[in-house]
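Summary of the model geometry
Here's the letter readout for the chains.
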Amino acid sequence: MPIVAFYSNNSNPDLQNQWENRLQAHYPEISLVPLFSDQAESAITALLWKAPLERVNTLKNLKVLISLGQGVDHILKDNIIDNEIPVVRIVDTFMAKSMSHWVAMSVLNFIRDTFGYYNQQKNKTYKPRKEINFTTLKIAVYGVGEIGSVVVKDLKQLGFKVYGWSRTKKNIAGIDCFIGEDKFKYLLKSCDIHICLLPLTIQTNNIFNNSTFKIMKHGSCFINAGRGEQVVEEDLIENCQSGHISLAILDVYRVEPLPKNSRLWEQENIKIWPHVAAETNPETAAKQIANAIKCIENGKIPPNTIERKLGY
Ligand code: NAP
Ligand code: GLV
């Protein structure tokens, strides 16, 4: 019987049961046990979201670690986990679409000044506000992977001029795709809306900071659904205070949940979402998790096993 050590929200029992039921639909013998339980000692698989990695490391029978999300930074963090153990991530078209909806909504909120109208309603002000001309607007999407590639196509479909930036060159019809530091700066300089969908790695840590914000056009919009550590939050606040960044829409933070005393809450032109842009859907993700467990049992490499040396 495959025993899976589970941790998400402190191995919340309801969540664990929900995942176990979903997984059993694809692999009836699977049994989920809390990461901090004696049974976990015999687990060959761990299913994890932001787990205490020191505990994971003590489980000597583990043959695979599976992320409960598309990102794996929470597993690779601080190089605690043995380099040899395969790490598998979820890659789900449901999540990519869900992110695409969130990004499109954020972009449209900027262009149509939704928050300005909400403020006018408070004073019963009935008057048109300035609308940005979408035909001359340029949107940069940093990270054109499983999620970003869906986002760029959908934004293009909405009629926008979209640019992509990634580590390796992409060829996507109708999208100008770039790689490299110089093109990163070019996009920062020439685009009006900047969307971060990058994974957190050594290279992307703090990538949005005072010097990169300063390269952006005055009045730019910044949207982050990658990871909080990619943004120097104090620098973002400063640039939003000055109006250099006219609107920032955030879904991820350096510390989550976002602490009550974070200055991000106070800044009128920073909008806060609680890491929900693309939530993992147990219904759609269960099949691939069950399949990954079967692969490991059969001595095969599961699909979506990450390349450890890339860090994502
Ligand atoms: P992915 O398929 O691995 O795509 C990552 C993209 O970033 C790829 O295009 C990759 O380039 C590019 N990239 C990585 N390092 C780079 C660098 N140093 N310079 C330039 N480009 C770089 O990942 P994904 O599944 O799309 O997910 C992306 C991230 O979204 C996740 O890691 C996670 O942090 C975040 N996420 C957030 C939520 C949420 O709800 N907020 C939900 C899911 C995921 P290549 O294509 O050349 O490899
Ligand atoms: C969510 O942030 C994920 O990585 O899936």
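Cut-offs and rules
Within any chain, residue numbers begin from 1 and follow the written order of that chain's sequence. Starting at A for chains and at 1 for ligands, labels are handed out in the order in which the entities are written. Thresholds applied to this predicted model are a pLDDT of at least 70 for local features of residues and 80 or more for the giving and counting of side-chain atom pairs; totals over whole chains, interfaces and linings are not thresholded and use all residues. Computation of side-chain values covers all heavy atoms of the structure but excludes hydrogens and water. Going along the chain from the N terminus, every DSSP run of H or I of four or more residues is numbered as a helix, and every run of E of two or more is numbered as a strand. Our radius of gyration looks at C-alpha atoms and nothing else; its globule reference is 2.2 Å times the residue count to the power 0.38. Here the term buried applies to any residue with accessible area under 20% of the maximum for its type, exposed to any over 50%, and partly exposed to those in between, with areas from a 1.4 Å probe on protein chains only. Whether two residues are in contact is decided by their heavy atoms: any pair within 4.5 Å suffices. Here the accessible surface of atoms and residues is derived via Shrake-Rupley with a 1.4 Å probe, and residues count as covered only by protein chains that are part of the display. Residues scored as charged are limited to Lys and Arg (positive) and Asp and Glu (negative), so that His and the chain ends carry no count. All charge positions are set by atom: Lys at NZ, Arg at CZ, Asp at CG, Glu at CD. Any two strands between which DSSP finds at least two bridges are classified as paired. The axes used here are C-alpha line fits, helices contributing only the stretch in contact, and every angle between their N-to-C directions lies in the interval 0 to 180 degrees. Summary of the distance rule: residues count as near a molecule or strand when at least one heavy atom falls within 4 Å of that molecule or strand. Pairs of N or O atoms within 3.5 Å make up the polar contacts considered here, provided that, within protein, one atom can donate a hydrogen while the other can accept it, and that residues adjacent in sequence are counted only when both atoms are side-chain atoms. In this count, Pro and Cys sit with the nonpolar residues alongside Ala, Val, Leu, Ile, Met, Phe, Trp and Tyr, while Asp, Glu, Lys and Arg are called charged and the others, Gly among them, polar.

Bringing the overall build of the protein chain into the picture now. Helices and strands together make up the secondary structure of the protein chain, namely 10 helices and 12 strands. At 21 Å, the protein chain has a C-alpha radius of gyration in line with the 20 Å of a compact globule built from 312 residues. Seen along its three principal axes, the alpha-carbon backbone of the protein chain occupies a region of about 65 × 45 × 35 Å. Out of the 312 residues belonging to the protein chain, those deemed buried represent 51%. Of all intrachain contacts in the protein chain linking residues separated by at least 6 positions in sequence, the fraction that spans at least 24 positions is 60%. Carbon and sulfur atoms form 51% of the exposed surface of the protein chain, whose accessible area is close to 15,700 Å². Of the charged side chains in the protein chain, 36 are positive and 32 negative, and the gap between their average positions amounts to 8 Å.

On to the sheet that holds strand 1 (residues 3-7), then. The strand order across the open sheet built from five strands is 2-1-3-4-5, with neighbouring strands paired in parallel fashion. The sheet is open, and its two borders are formed by strand 2 (31-34) and strand 5 (87-88), each paired with just one other strand. Summarising the sheet, strand 1 and strand 3 (residues 45-48) pair through four bridges and their orientation is parallel. Bridge pairing links F6 to L47 in strand 3. Sheet strands touched by helix 1 (residues 13-24): strand 1, strand 2 and strand 3. Its angle to strand 2, the strand with the most contacts, is close to 160°.

The immediate surroundings of ligand 1 are formed by 29 residues, with Q70, R89, T168, K170 and Y312 found nearest. Contact distances for ligand 1 include 3.0 Å between an oxygen atom and a backbone N or O atom of V144. I147 is positioned such that a nitrogen or oxygen atom in its backbone is 2.9 Å from an oxygen atom of ligand 1. With the chains in place, 92% of the 930 Å² that ligand 1 exposes on its own is no longer accessible.

Near ligand 2 you find W49, G69, Q70, G71, M95, R227 and H275, and these make up its full shell. The contact in question runs from an oxygen atom of ligand 2 to an N or O atom on the backbone of Q70, over 2.7 Å. In this structure, an oxygen atom belonging to ligand 2 sits 2.8 Å away from a main-chain N or O atom of G71. Starting from 190 Å² of accessible surface for ligand 2 in isolation, the protein chains cover 86%. Partitioning the shell around ligand 2 into residue classes produces two nonpolar, four polar and one charged.

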